[in-house]
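A look at the structure
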Amino acid sequence: MITRRSALSVTLAAGGAALTGAGLTPLLAARARPTTRAAAKAQTVEKFRRPMPLLPEKRPAGRTGKADVYVMTMKPARAQILPGPPTDVLTYDGHFPGPLIRARAHRPVIIRQRNRLTVPTAVHLHGAAVPPGSDGDPMDVIEPGTDRVYHYPNRQPHAPLWFHDHAHHLEAENTYRGLSGSYLLTDATERALPLPRGAYEVVIALRDARFDAGGQLAYAMGDRARNTLLANGVPYPYFQVAARKYRLRLLNASNQRRFELRLADGSPLTQIGSDGGLLTAPHTTDRIALSAGERADVVVDFSRYPVGTSVVLKNTTGTGPAEEIGEILRFDVVRTAHDPSRIPARLRTLPPLPRPDTQRTVVLRMDEGGEHPGAYIDEKEYDPQRVDARIKFNTSELWTVTNANARAEHNFHLHLVQFRVLERAGRPPEPGESGLKDTIHLAPGETVRLQAVFDNYRGRYLYHCHMFEHGVRGMMATMHIQ
Ligand code: C2O
Ligand code: CU
Ligand code: CU
């Protein structure tokens, strides 16, 4: 294995120092540059000092002929997030963020969730089609000290899913304090493709957070000062890569923040998938936008960079000082590697949408200002007793969803189904939104038309804005499929 030192000397020999344009930094210079920012502002974390960890892979406690069985414990833990004292967090199995579960289509997963926290929880597998009793409904909680078994049939195509807390009125804070994890569902279609895999397929869970002077997570409803960005639980890490293609499975696990990701040198990113799995064809872009809860599957070809250079993953949207929210992590290209992977021109086929049986409108709005601003779907705050949309089983519906706010952003998430975007602001969706989606961003005043088929389970499920604090304030509703 090539050490960092020898990688650096390779750079110098190859004349890597000439490659300092637009965001491309020779490693040596990046290391030698004094970090004055930390001195100037005590709260700011020094960037690119720690490696980005991989999410720990959760192993089943057992495999039966019918299912993979897991046991997971929700418990408090202390995580070394900042250089100082450790941070108290809420975790799945002691990990911040939670672990990665790998599942296969048509192979059910059963998870016994043990709540050893002092608050009620509900575990929701975001993006999955599961029976209503396993969806983690806000009222269907696991009381502290008790257990609950969730059944995930995995009768759906491959998709990058994730799980997080959903207990009524607590989901925003519980998730913020650490209750989120990843769940990659794969299938034969996906596995047949020559995409980067193994060590070259990496889940990156992004989020923001605010820490107090003692290094503890500060939580306030709708806080606009969560300006520390974490990748897999570490603020502004570096990640050592080989000069070849990587498949990055990106998740925005923030409570509210939307990211717009770019490579600092403007190099292209190849988006191959979204919330509901692969796109039909790869799409080359210079930016990936992810609102809270959304996922993107992106291939980056680091072979364009000489060994010894590095490139920063930037964020180019949102509130906060640029030095805190403008950069997320740094990829350091430290070695060469053989690369047999390829991005095929066709990735999958999606079934044509049937003619919709029903149309429906949904209006998202919140009070902009005031002490305790309300948030509404169709002018109503969430009431777990009320059914807001009655849907006939085995029908297809076209939903016209509008953000009625002049300034506030929202997004829209449907439980149970993956939908297709037909139109955004009167135009066909961008290529990155043309596949299967379960969460979609809505800029102020914007309208999105989407279509879903309700043919998997009957029962009550949620739909809501996935900016958690909007949901907690009431921007959440219930559909009943019957
Ligand atoms: Cu991630 Cu109700 O959802
Ligand atoms: Cu969900
Ligand atoms: Cu919202």
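Quick caveat: nothing in here was measured; it's all calculated off a predicted structure.

Here we come to the packing of aromatic side chains. All told, the structure shown has 12 aromatic pairs when counted by the stated rule. With 6.1 Å between their ring centres and 50 degrees between their planes, Trp399 and Phe412 make a pair best called tilted. With Trp399 in strand S26 (residues 395-403) and Phe412 in strand S27 (residues 410-414), this pair connects stretches of sequence that are 13 residues apart. If you follow Lys47 out to its NZ or CZ, it ends over the ring of Tyr236, 5.5 Å from the centre. Over the face of the ring belonging to Tyr200 we find Arg244, whose NZ or CZ atom lies 3.6 Å from the ring centre.

Among all residues save glycine, negative phi is the norm, and among peptide bonds the norm is trans. With an omega of -10 degrees, the peptide bond running from Phe96 to Pro97 counts as cis. Of note, Pro97 is situated in the loop between strand S4 (87-92) and strand S5 (100-104).

Before going further, it helps to spend a moment on the coordination of the copper ion (ligand 2). Protein ligation of the copper ion (ligand 2) involves His124 (NE2) and His413 (NE2), the donor distances falling in the range 1.9 Å. One end of the pair, His124, is in strand S7 (residues 123-126); the other, His413, is in strand S27, with 289 residues separating them in the sequence. Per residue, the accessibility class of His124 equals that of His413, and both read buried.

Ligation of the copper ion (ligand 3) by protein atoms is provided by His410 (ND1), Cys465 (SG) and His470 (ND1), these donors lying 2.0 to 2.2 Å from the ion. Donor residues for the copper ion (ligand 3) sit on one chain with the sequence pattern H-x54-C-x4-H. Here His410 is found in strand S27, whereas its partner Cys465 is found in the loop between strand S32 (459-464) and helix H7 (468-473), with 55 residues between them in sequence. When its relative accessible area of 0% is taken as the criterion, His410 is described as buried. The class for Cys465 is buried, based on a relative accessible area of 0%.

Spatially, S5-S10-S9-S7 is the arrangement adopted by the four strands of the open sheet, whose pairing is mixed. Taken across any chain shown, the strands that pair with only one partner, and hence form the sheet edges, are S5 and S7. On average, adjacent strands in this sheet sit at an angle of 25 degrees to one another, irrespective of strand direction. Here six bridges tie strand S9 (residues 159-165) to strand S10 (residues 180-186), and the two strands are oriented antiparallel to one another. Residue pairing across strands places Leu161 opposite Tyr183, the latter belonging to S10.

Attention now moves to the domain arrangement of the protein chain. Interface size, as often reported, equals the accessible area lost upon joining of the parts. When cut into domains, the protein chain gives domain 1 (4-191), domain 2 (198-336) and domain 3 (358-481). Here domain 1 meets domain 3 over a buried area of about 1,700 Å², counting both sides, of which 62% is carbon and sulfur. Its largest share of buried area at the contact with domain 3, domain 1 owes to His126, Pro132 and Ala172, together 24% of the area lost on that side. The tally of links from domain 1 across to domain 3 stands at 11 residue pairs in polar contact (both at pLDDT 80 or more). Within the residue set of the side of domain 1 that touches domain 3, elements represented by two or more residues are S7, S9 and helix H4 (171-176).

Rules behind the numbers
Residues numbered from 1 in each chain as written. Chains lettered and ligands numbered in written order. Predicted model: local features only at pLDDT ≥ 70, side-chain atom pairs only at ≥ 80, totals over all residues. Heavy atoms only, no water. Phe/Tyr/Trp six-rings, centres within 6.5 Å; stacked < 30°, edge-to-face > 60°. Helix = DSSP H or I, 4+ residues; strand = E, 2+ residues; numbered from the N terminus. Lys NZ or Arg CZ within 6 Å of the ring centre and 35° of its normal. Donors = N, O, S within 2.8 Å, 3.2 Å for Na, K, Ca; no water. Buried < 20%, exposed > 50% of the residue type's maximum accessible area, 1.4 Å probe, protein only. Pairing = 2+ DSSP bridges. Axes fitted to C-alpha atoms, helices over the stretch in contact; angles between N-to-C directions. Domains from an automatic or database assignment. Buried area = accessible area lost by both parts, 1.4 Å probe. Polar contact = N/O pair within 3.5 Å; in protein donor to acceptor, adjacent residues only side chain to side chain.

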